[in-house]
Amino acid sequence: MTSDSLLFKSSGKAVADHEELAGKIRLLKKEMNAIILAHYYTLPEIQQVADVVGDSLALARAAEKNSADVIVFAGVYFMAETAKIINPGKLVLMPDLYAGCPLADSCPAVEFREFRQKHPDALVITYINSTAEIKALSDITCTSSNAERIIRQIPEERTIIFGPDRNLGGYIMKKLGREMLLWQGYCYVHEAFREEYILQACRENPQAELIAHPECREEVLRHAAFIGSTQALLDYTESAPASSFIVATEPGILYEMQRRSPDKQFIAAPKDPENPRSVCKQMKQNTLEKLYQCMLDRSPEIMVPDDLRVLALRPIKKMLEMS
Ligand code: 13P
Ligand code: SF4
């Protein structure tokens, strides 16, 4: 077991407490006609009570197509906000309103508007990891699952502004051989993986394949046997003939990888010892206790002013049509 998977080990008492709470959550879910959506980076006990566990794209789709009255979003703020933008008539709850995404927060609307004004003819494509204000300034949103597919559909001669993740943008530029104007944001979790330590892990585990999320730096991506979104990495580990993988992304995904492929070995990519930040602490702010409490209280609720919501919905709809 890796040091990161130890993160998810619980004592017998904790497991019993989790089961009791999970039972209450399931009952409440029926009473409220609620659906629980959870990202793969949340804690295993959260994934176990969720109706849909997915990457950003799968969760946006699940938020679009469901018959629940209440959406409980165990993820980070921009995900729940996106669900509310898609479903203005539904109650959208979040276990912890302060579980924000530092990547989304690294792109303030005032500065992004100025960036856009410098290139008035450019098409603005933004990663879904952005605030509603940034979405409102965008033509199309994308996720790591569909960014490449969407950008391939844009005529070559059209200038593209891409933000806020410079690593995902740089990866697509290299893959498609196409220039884009990049906002210089990054995800601290993926940025923390460094070539030196990754190569050391590869030397120590010569049987294992390195797989990586495109939010990682180029110095890591260039060594990967496979690069993909959270969902693509998961599907790859299920279908690839290799039986051992070094996984360069948030280690929450190891739970589902191991569940789907119990006979394979998953090694969390090592952190930089001087910058040990490759766990998304905002995703882990979603605990079972907070999940239960927010359903009981029907709060905290996500609110998006209607004028902003209408503007932010346009690029999300465009994304869902194009992917
Ligand atoms: P995906 O869910 O698109 O793989 O993105 C990863 C991520 O960092 C979500 O915040
Ligand atoms: Fe944001 Fe990175 Fe955490 Fe995803 S993993 S929520 S991009 S900080």
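Residues numbered from 1 in each chain as written. Chains lettered and ligands numbered in written order. Predicted model: local features only at pLDDT ≥ 70, side-chain atom pairs only at ≥ 80, totals over all residues. Heavy atoms only, no water.

Our next topic: the side chain of Asn146. Structurally, Asn146 can be placed in the loop between strand 6 (140-142) and helix 9 (147-152). Using a relative accessible area of 0% as the deciding quantity, one classes Asn146 as buried. A polar contact of 3.3 Å, which involves the side chain of Asn146, links it to the side chain of Ser323. Not counting residues within four places of it along the chain, the set of residues in contact with Asn146 comprises Leu57, Met319 and Ser323. (Helix = DSSP H or I, 4+ residues; strand = E, 2+ residues; numbered from the N terminus. Buried < 20%, exposed > 50% of the residue type's maximum accessible area, 1.4 Å probe, protein only. Polar contact = N/O pair within 3.5 Å; in protein donor to acceptor, adjacent residues only side chain to side chain. Contact = heavy atoms within 4.5 Å.)

Following both chains from N to C, one finds helix 5 (residues 77-86) and helix 17 (residues 306-322) inclined at 100°, their axes separated by 9 Å at the closest point. Overall, the two elements helix 5 and helix 17 adopt an arrangement that is roughly perpendicular. Across the interface between the two elements, Thr82, Lys84, Ile85 and Ile86 from helix 5 touch Arg309, Ala312, Leu313 and Ile316 from helix 17. Class assignment of the residues belonging to the contact of helix 5 with helix 17 gives a composition of five nonpolar, one polar and two charged. (Axes fitted to C-alpha atoms, helices over the stretch in contact; angles between N-to-C directions. Parallel < 35°, antiparallel > 145°, perpendicular 65-115°, else oblique. Nonpolar A, V, L, I, M, F, W, Y, C, P; charged D, E, K, R; others polar.)

With that settled, the discussion passes to the state of the cysteines. One pass over the full model with this rule turns up zero disulfides. Its sulfur unpaired, Cys142 is 12 Å from the next cysteine sulfur, which belongs to Cys107. Free of any disulfide, Cys216 has its nearest neighbouring cysteine sulfur in Cys187, separated by 8.4 Å. (Disulfide = S-S within 2.5 Å.)

The next subject is the site of ligand 1. If you check the shell around ligand 1, you find 13 residues, and the closest are His39, Ser56, Ser144, His213 and Thr230. Measuring from an oxygen atom of ligand 1, one finds a side-chain N or O atom of Tyr127 at 3.5 Å. A distance of 2.9 Å separates an oxygen atom of ligand 1 from a polar atom in the side chain of His213. Relative to its free-state accessible area of 300 Å², ligand 1 is covered by the protein chains to the extent of 96%. Applying the majority rule of atoms within 2 Å of the grid points places ligand 1 in the largest cavity. Among the residues forming the shell around ligand 1, the class breakdown is four nonpolar, seven polar and two charged. (Near = heavy atom within 4 Å. Areas by Shrake-Rupley, 256 points an atom, 1.4 Å probe, with all protein chains shown as cover. 1 Å grid on protein atoms, 1.4 Å probe; cavity = no way out; pocket = protein on both sides within 12 Å on 5 of 7 lines; lining within 4 Å. Sits in = over half its atoms within 2 Å of the grid points.)

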